[in-house]
Amino acid sequence: PAQHELLIDLSHLVVEWNDRLNLISRKDCTVNVVFGRHVLPSVALLPLLLKLEGKEKKKVVDVGTGGGFPGLPLAILFPSVEFTLVDSVGKKLRAVSDMADELSLTNVQTHHGRAELMVDESASLHYQQYDVCVGRSVAAL
């Protein structure tokens, strides 16, 4: 499917998951609201990732991904970039991982834990391994 169709599919998946698990605010959780308040603001980071064009190894970490934002929409738009979506809430990461699978996103992996501990836990995997760090609604990065 085309990228815009995948972004709409993502919005549907978020609404479905949000009925079972509080990924995002349950107030007004419709496909249009998810698309307008979560998908589109994530897509606004597109110019930042366009700067990665031409780099051989492209890796992005999404700190505090919650319901998969901004990581999942960006992974849809940049299939050649590796994304690591980080959150300390395991239930949310299971939902994010399931949505990535449903959308056939092979460039997404998740990390369960706190971002500030990632280097201590497995330095060779995370220390200075990312080109870009993104986050929404988390502490100052």
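To keep things clear, this report deals only with the structure shown in the data block. Please read all numbers here as calculations on a predicted model, not as lab measurements. (Residues numbered from 1 in each chain as written. Predicted model: local features only at pLDDT ≥ 70, side-chain atom pairs only at ≥ 80, totals over all residues. Heavy atoms only, no water.)

With that settled, the discussion passes to the packing of aromatic side chains. Applying the stated criterion across every chain, the model contains zero aromatic pairs. The cationic tip of R20 hangs over the ring face of W17; the distance from NZ or CZ to the ring centre is 4.1 Å. (Phe/Tyr/Trp six-rings, centres within 6.5 Å; stacked < 30°, edge-to-face > 60°. Lys NZ or Arg CZ within 6 Å of the ring centre and 35° of its normal.)

The next thing to look at is the sheet that holds strand 3 (residues 108–112). Judged by pairing direction, the sheet is parallel, and its four strands sit side by side in the order 3-2-1-4 without closing on themselves. Unpaired on one side and paired on the other, strand 3 and strand 4 (132–135) mark the two borders of the sheet. Within this sheet the neighbouring strands show an average axis-to-axis angle of 25 degrees, counted without direction. Pairing of strand 1 (residues 59–63) with strand 4 involves four bridges; the strand directions are parallel. Looking at strand 4, one finds that V63 is bridged to G135. Set on the sheet, helix 5 (residues 90–102) makes contact with strand 2 (82–87) and strand 3; between it and strand 3 the angle comes to about 170 degrees. (Pairing = 2+ DSSP bridges. Helix = DSSP H or I, 4+ residues; strand = E, 2+ residues; numbered from the N terminus. Axes fitted to C-alpha atoms, helices over the stretch in contact; angles between N-to-C directions. Contact = heavy atoms within 4.5 Å.)

Moving on, we get to helix 5. In this model, helix 5 (13 residues) spans 18 Å end to end at C-alpha, consistent with the 18 Å of a helix rising 1.5 Å per residue. Turning to helix 5, its buried residues number three or more, namely G90, L93, A95, V96, M99 and A100. Contact partners of the buried residues in helix 5: helix 1 (3–20), helix 4 (71–77), strand 2 and strand 3. Where helix 5 ends, the next residue or the one after it, S104, has phi of about 60 degrees, a positive value. (Expected span 1.5 Å × (residues − 1). Buried < 20%, exposed > 50% of the residue type's maximum accessible area, 1.4 Å probe, protein only.)

Before going further, it helps to spend a moment on the nonpolar core. Counting 35 residues, the largest nonpolar core has L10, L72, F83 and M99 as the members making the most contacts within it. For this core, the elements supplying multiple residues, two or more each, are helix 1, helix 2 (31–43), helix 4, strand 2, helix 5 and strand 4. Excluding residues that lie within four positions of it along the chain, F83 makes contacts with L49, V60, G71, L74, A75, F78, N107, V108 and Q109. Membership of the second largest hydrophobic core comes to five residues, among which are V61, V63, V86 and M118. (Core = buried A, V, L, I, M, F, W, Y, C linked by side-chain atoms within 4.5 Å.)

Looking now at the packing of helix 1 against helix 2. Put simply, helix 1 and helix 2 touch, their axes get as near as 9 Å, and they point 125 degrees apart. Between helix 1 and helix 2, the crossing angle belongs to the class labelled oblique. The two elements helix 1 and helix 2 meet at a crossing, and its hand is right-handed. Contacts between helix 1 and helix 2 involve L7, I8, L10, S11, H12, V14 and V15 on the former and, on the latter, V31, V34, F35, V39 and V43. Partitioned by chemical class, the residues of the contact of helix 1 with helix 2 number ten nonpolar, two polar and no charged. (Parallel < 35°, antiparallel > 145°, perpendicular 65-115°, else oblique. Left-handed = near helix turned anticlockwise from the far one by under 90°. Nonpolar A, V, L, I, M, F, W, Y, C, P; charged D, E, K, R; others polar.)

Before going further, it helps to spend a moment on the pattern of salt bridges. Working definition: two side chains of opposite charge can pair if their charged atoms are close together. Tallied over the entire structure, the rule returns one salt bridge. The partner of K55 in a salt bridge is D131, and the shortest N-O contact between them spans 2.8 Å. In this pair, K55 sits in the loop between helix 3 (46–50) and strand 1 while D131 sits in the loop between helix 7 (123–126) and strand 4, placing the two residues 76 residues apart along the sequence. Classification of K55 by relative accessible area gives partly exposed; the value is 40%. (Salt bridge = Lys/Arg side-chain N within 4 Å of Asp/Glu carboxyl O.)

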